[in-house]
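# Working through the structure, step by step
What follows is each chain in one-letter form.
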Amino acid sequence: MPLTAYANTFSGNPLDRAGDRRVDPAWLAAHMASPDALAVAVWNGRPLVETGGDAGARLAYLRADLVSEAAGGDERMVFLGLWKNAPVFAAEFEGPADPAEGPLRGLGRFEELRGLALTLPAHEAAIAATAKSLLEWHRRHGFCAACGQKSDIVDGGWKRLCPACKAEHFPRVDPVVIMLPVLGDRCLMGRQSAWPHGRMSALAGFVEPGESIEEACARELKEEAGLICTRAAYHSSQPWPFPSTLMIGLIAEVENDHATPDQTELEEVRWFTRDELRIMLERGEFDGIHPPPPLAIAHHLLKAWVGGFGG
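So, here's what we can say about the structure. (Residues numbered from 1 in each chain as written. Predicted model: local features only at pLDDT ≥ 70, side-chain atom pairs only at ≥ 80, totals over all residues. Heavy atoms only, no water.)

### Some thoughts on the pairing of strand 11 (residues 174-183)
A large share of strand 11 lies buried, amounting to eight of its 10 residues. Where strand 11 and strand 15 (residues 245-254) come together, nine bridges link them in parallel fashion. Residue pairing in the sheet places V176 in a bridge with M247 of strand 15. Taken together, the four bridges between strand 11 and strand 13 (residues 203-206) define a ladder with antiparallel strand orientation. Within strand 13, the position partnered with I178 by the bridge is A204. One ladder, built from two bridges, connects strand 11 with strand 12 (residues 186-191); its direction is antiparallel. Within strand 12, the residue paired with V182 across the bridge is C187. From the end of strand 11 to the start of strand 12, which pair antiparallel, there are two residues, and G184 there has a positive phi angle of about 60°. (Buried < 20%, exposed > 50% of the residue type's maximum accessible area, 1.4 Å probe, protein only. Helix = DSSP H or I, 4+ residues; strand = E, 2+ residues; numbered from the N terminus. Pairing = 2+ DSSP bridges.)

### Brief notes about the pattern of salt bridges
Scanning the model with the defined rule gives 22 salt bridges in all. For D257, the salt bridge goes to R186, with nearest N and O atoms at 2.8 Å. Here R186 lies in strand 12 and D257 lies in the loop between strand 15 and strand 16 (268-273), a separation of 71 residues in the sequence. Since its relative accessible area comes to 28%, R186 is described here as partly exposed. As a salt-bridge pair, R278 and D275 come within 2.7 Å of each other at their nearest N and O atoms. A residue pair is termed a helical-turn pair when its members lie 3 or 4 positions apart in one helix, as R278 and D275 do in helix 6 (residues 274-283) at three residues. On the basis of relative accessibility, which here comes to 31%, the residue R278 falls in the partly exposed class. (Salt bridge = Lys/Arg side-chain N within 4 Å of Asp/Glu carboxyl O.)

### Side note on the packing of helix 6 against helix 7 (residues 297-306)
Where helix 6 meets helix 7, the closest approach of the two axes is 10 Å, and the angle between their N-to-C directions is 130°. Taken together, the axes of helix 6 and helix 7 are oblique relative to one another. Like other packed secondary-structure pairs, helix 6 and helix 7 cross with a definite hand, here left-handed. Contacts between helix 6 and helix 7 involve R274, L277, R278 and L281 from the first element and H299, L302, K303, W305 and V306 from the second. Residue composition of the contact of helix 6 with helix 7, grouped by class: five nonpolar, one polar and three charged. (Axes fitted to C-alpha atoms, helices over the stretch in contact; angles between N-to-C directions. Parallel < 35°, antiparallel > 145°, perpendicular 65-115°, else oblique. Left-handed = near helix turned anticlockwise from the far one by under 90°. Contact = heavy atoms within 4.5 Å. Nonpolar A, V, L, I, M, F, W, Y, C, P; charged D, E, K, R; others polar.)

### Concerning unusual backbone geometry
The omega torsion of the bond from F242 to P243 falls at 5°, within 30 degrees of zero and hence cis. Here P243 lies in the loop between strand 14 (229-240) and strand 15. Despite not being glycine, F10 shows a phi value in the positive range, around 80°. In this fold, F10 is placed in the segment before helix 1 (25-32).

### With respect to the sheet that holds strand 9 (residues 159-161)
The pairing of strands in a sheet comes from backbone hydrogen bonds and takes either a parallel or an antiparallel form. Pairing in this open sheet of three strands is antiparallel, and the strands run 8-9-10 from one edge to the other. This sheet does not close on itself; its edge strands, each paired only once, are strand 8 (152-154) and strand 10 (168-169). The sheet contact formed by strand 8 and strand 9 spans three bridges and is antiparallel. Looking across to strand 9, one finds that D152 is bridged to L161.

### Notes on the packing of aromatic side chains
With the rule as written, the count across this model stands at six aromatic pairs. Ring geometry for W43 versus F110: centroids 5.7 Å apart, planes at 65°, classification edge-to-face. Placement of W43 in strand 1 (residues 38-43) and of F110 in strand 7 (residues 109-110) is noted, with a sequence separation of 67 residues between them. Per residue, the accessibility class of W43 equals that of F110, and both read buried. With 5.0 Å between their ring centres and 65° between their planes, W240 and F242 make a pair best called edge-to-face. The exposure class of F242 is partly exposed, given its relative accessible area of 21%. Put simply, the rings of F10, W240 and F242 touch in pairs and so form one group of aromatic residues. R46 extends its terminal NZ or CZ atom over the ring of W43, reaching a point 5.2 Å from the ring centre. (Phe/Tyr/Trp six-rings, centres within 6.5 Å; stacked < 30°, edge-to-face > 60°. Lys NZ or Arg CZ within 6 Å of the ring centre and 35° of its normal.)

Next up, the structure:
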């Protein structure tokens, strides 16, 4: 059952992560050896997919033993969770050679998750995002941050343990506030120079140590656009597997409309009325400005505000 009325892309993973059982090596080994065990293959961050019955993409669920052998052994596998009673794993394939042209020939094709996300069934996009984030963390954090020794994968991939100093390391998720500044019947969007021409979106920034979500929202608005936040209302959140952040969506009331882009994070800012934004969302453009795509939580912040969320 959904926990919120706002289900953003990459949320809604249906797997039971079995956090209380994956710490048992014998339990994990038995599930890895199960004939019902399935696995998702990921090559350089791209999940393996196949064409579904409606011509859309679906994740290619393969036998876990086949994926393990192709990937180079069980140590390349991480445990994603249980689908009912069937264990589901994921394995990372690295290197320039496409495994779909090698050991996984004929079983599917690897595609970028960002482009796949809205064509996959929502629950499969969430499973793929979990696999990508977890495998990317292992790729980037193979050595102990305390003593520098190579660490070992334990608990099905949900922890790394240093054999030298016994330090434990857990998958990292970086919190990011993403907020739509509003003043009366207007909202502000900003533009980064790297974005496609005409694209504007909500403002965003990482939560820093010692900050609450609301404090991070206020600081980022001041730094990026010179705005003073007077109130922040939580809307929803989104796992964002590029590589692994948690987007925390807010509607932020501001003191005045004296917005100025900092020319570092933002090169341009612009105010829009609800009616202008409604047209933009319906047509995909207003006065040369395009909204963020439906993949992004920013798109749904805009839709929510147009619909009356946040006052």
